[in-house]
Amino acid sequence: MAGTYGDSTRSVKAVESVPFPGGPVAPPPILAAAYHIPSDEDDSLDSYGRRSNPTWRQLESALAQLEGAASALTFGSGMAAITSVLRTVAEPGRKVVVPADGYYQVRAYANEFLAPRGVTVVEARCAEMCDAASDTGRGDVVLAESPSNPRLDVVDLHRLAMTCRARGSLLVVDNTTATPLGQQPLSLGADLVVASATKALAGHHDVLAGYVAGSQPEMMERLERERLLTGPILGAFEAWLVLRSLGSLGLRFDRQCQNAAAVAFMLRSHPAVRSVRYPGLPEDPSHSVASTQMHRFGGVVAIELASAAAVHELVSKSALLVAATSFGGIHSSVDRRARWGDSVPDGFARLSLGIEDTEDLLSDIEQALGAD
Ligand SMILES: *Cc1c(COP(=O)(O)O)cnc(C)c1O
């Protein structure tokens, strides 16, 4: 039955408590650093908060369900999840392929911390990911991001997974931009999913979190062991905030996707906009691959205006867009990416559409871009 539910139903069901008479419907946070140890010293019970927590477990089971994974592990941020995976799987003398045009701090970590320890770091753009993967072998790791942040290029994940499988390399997919309601990389053949839950999953611009999802028990056990020993854990209260948010993910994400599509369609014919990228636009270079692997095209739109000043003007004239460097939250936001060193034009802006009414966003953005 559960397999036939829609995404909003699955989001709601994933965050229910185990029912007992008089018990709470929604799971309360369990804040614990230390747990009572019974006299038989049973090892399967919770003992210490760096090792396990019931609120994590509930969140992890919800995330695993949404990703179609056997299990998931939560971390204190997306970067904590990604770097834990890289530390665990990238071995000296082996190769790690990272996105050249994806989230910039991932390649910074690979270059600053993995390369000096003898890992060969290869940067490949989305369009070159499959070529780079065909040059890998057993023990190598390919980390792909699709759609890429910030340009929204799409990687053919099934093709990439087949290439990695043929070469014996491990495929890790960053699913932050798409979310599990947008695509399920494990079903396309990825070995592991990593993601920042800070964005659309938590969705309220108020908490950082990350996770890893996978279906290979040995790999997941190694990652859990690594997390126990290095400690990049998610606080129990933060885990509860993400869990609470997941219940409304289906509803929020549908509105965000609807708003993003409406804004992308409006902006593609706007004279102040040089270009628009959104995988849901039929003429977008990513559209054909995106249509085969994505269930929804997401809440982020990339645009190019004439200059940095034009982006600042858009923000100052808009009553709804906030200037902020995150995405996926309930508030619509704008981020001028050249500010952070992404190799994009000065007037390139990533728009993240929130859950405001579509008509309000369209008229606000249109007047903010209009001639004064
Ligand atoms: C934000 C982001 C991250 C990092 O996540 P944090 O929660 O900020 O650590 C990683 N990958 C992508 C694609 C992101 O957008």
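Parameters and conventions
Residues numbered from 1 in each chain as written. Predicted model: local features only at pLDDT ≥ 70, side-chain atom pairs only at ≥ 80, totals over all residues. Heavy atoms only, no water. UniProt positions renumbered as here; feature names shortened; annotations may be inferred. Near = heavy atom within 4 Å. Polar contact = N/O pair within 3.5 Å; in protein donor to acceptor, adjacent residues only side chain to side chain. Areas by Shrake-Rupley, 256 points an atom, 1.4 Å probe, with all protein chains shown as cover. Helix = DSSP H or I, 4+ residues; strand = E, 2+ residues; numbered from the N terminus. 1 Å grid on protein atoms, 1.4 Å probe; cavity = no way out; pocket = protein on both sides within 12 Å on 5 of 7 lines; lining within 4 Å. Points joined across faces, edges and corners; volume = space filled by probe spheres on them. Nonpolar A, V, L, I, M, F, W, Y, C, P; charged D, E, K, R; others polar. Core = buried A, V, L, I, M, F, W, Y, C linked by side-chain atoms within 4.5 Å. Buried < 20%, exposed > 50% of the residue type's maximum accessible area, 1.4 Å probe, protein only. Contact = heavy atoms within 4.5 Å.

In the annotation of an unreviewed UniProt entry, the entry for the chain reads Cystathionine gamma-lyase, and the organism field reads Mycolicibacterium cyprinidarum. Note on the chain: under the UniProt heading Sequence similarities (unreviewed entry), the record states "Belongs to the trans-sulfuration enzymes family." Quoted verbatim from the Subunit (unreviewed entry) field of the UniProt record, the comment on the chain reads "Homotetramer."

Attention shifts here to the site of the ligand. The environment of the ligand is formed by 14 residues, the closest being M79, D174, S196, T198 and K199. Residue M79 places a main-chain N or O atom 2.8 Å away from an oxygen atom belonging to the ligand. Within the side chain of N149, one N or O atom sits 3.0 Å away from an oxygen atom of the ligand. When the ligand is considered free in solution it has 380 Å² of accessible area, and contact with the protein chains removes 94% of it. Per-element accounting of the shell around the ligand gives the leading share, 3 residues, to helix α3 (residues 78-89).

Let's shift gears to empty space enclosed by the protein. Gaps left between atoms show up when a probe the size of a water molecule is rolled over them. Here the structure, examined in full by the defined rule, presents 2 cavities of 30 Å³ or more. The volume enclosed by the largest cavity comes to roughly 60 Å³. Lining the largest cavity are T176, T177, T179, A200, F253, Q256, G299, V300, F327, G328 and S352. For the lining of the largest cavity, a count of residues per class yields 4 nonpolar, 7 polar and no charged. Roughly 40 Å³ of volume is contained in the second largest cavity. In this structure, the second largest cavity is lined by P147, L152, T177, A178, P279, M294, F297, G298, G299 and V300.

Right, let's talk about the nonpolar core for a bit. Ranked by internal contacts, the top residues of the largest apolar core, which has 54 residues, are L246, L267, V301, I303, L314 and L351. Non-local contacts of L314, meaning those with residues more than four positions away in its chain, are made with I303, L305, L321, L351, I365, A368 and L369. By size, the runner-up hydrophobic cluster in this structure holds 26 residues, among which are A81, V85, A90 and V119.

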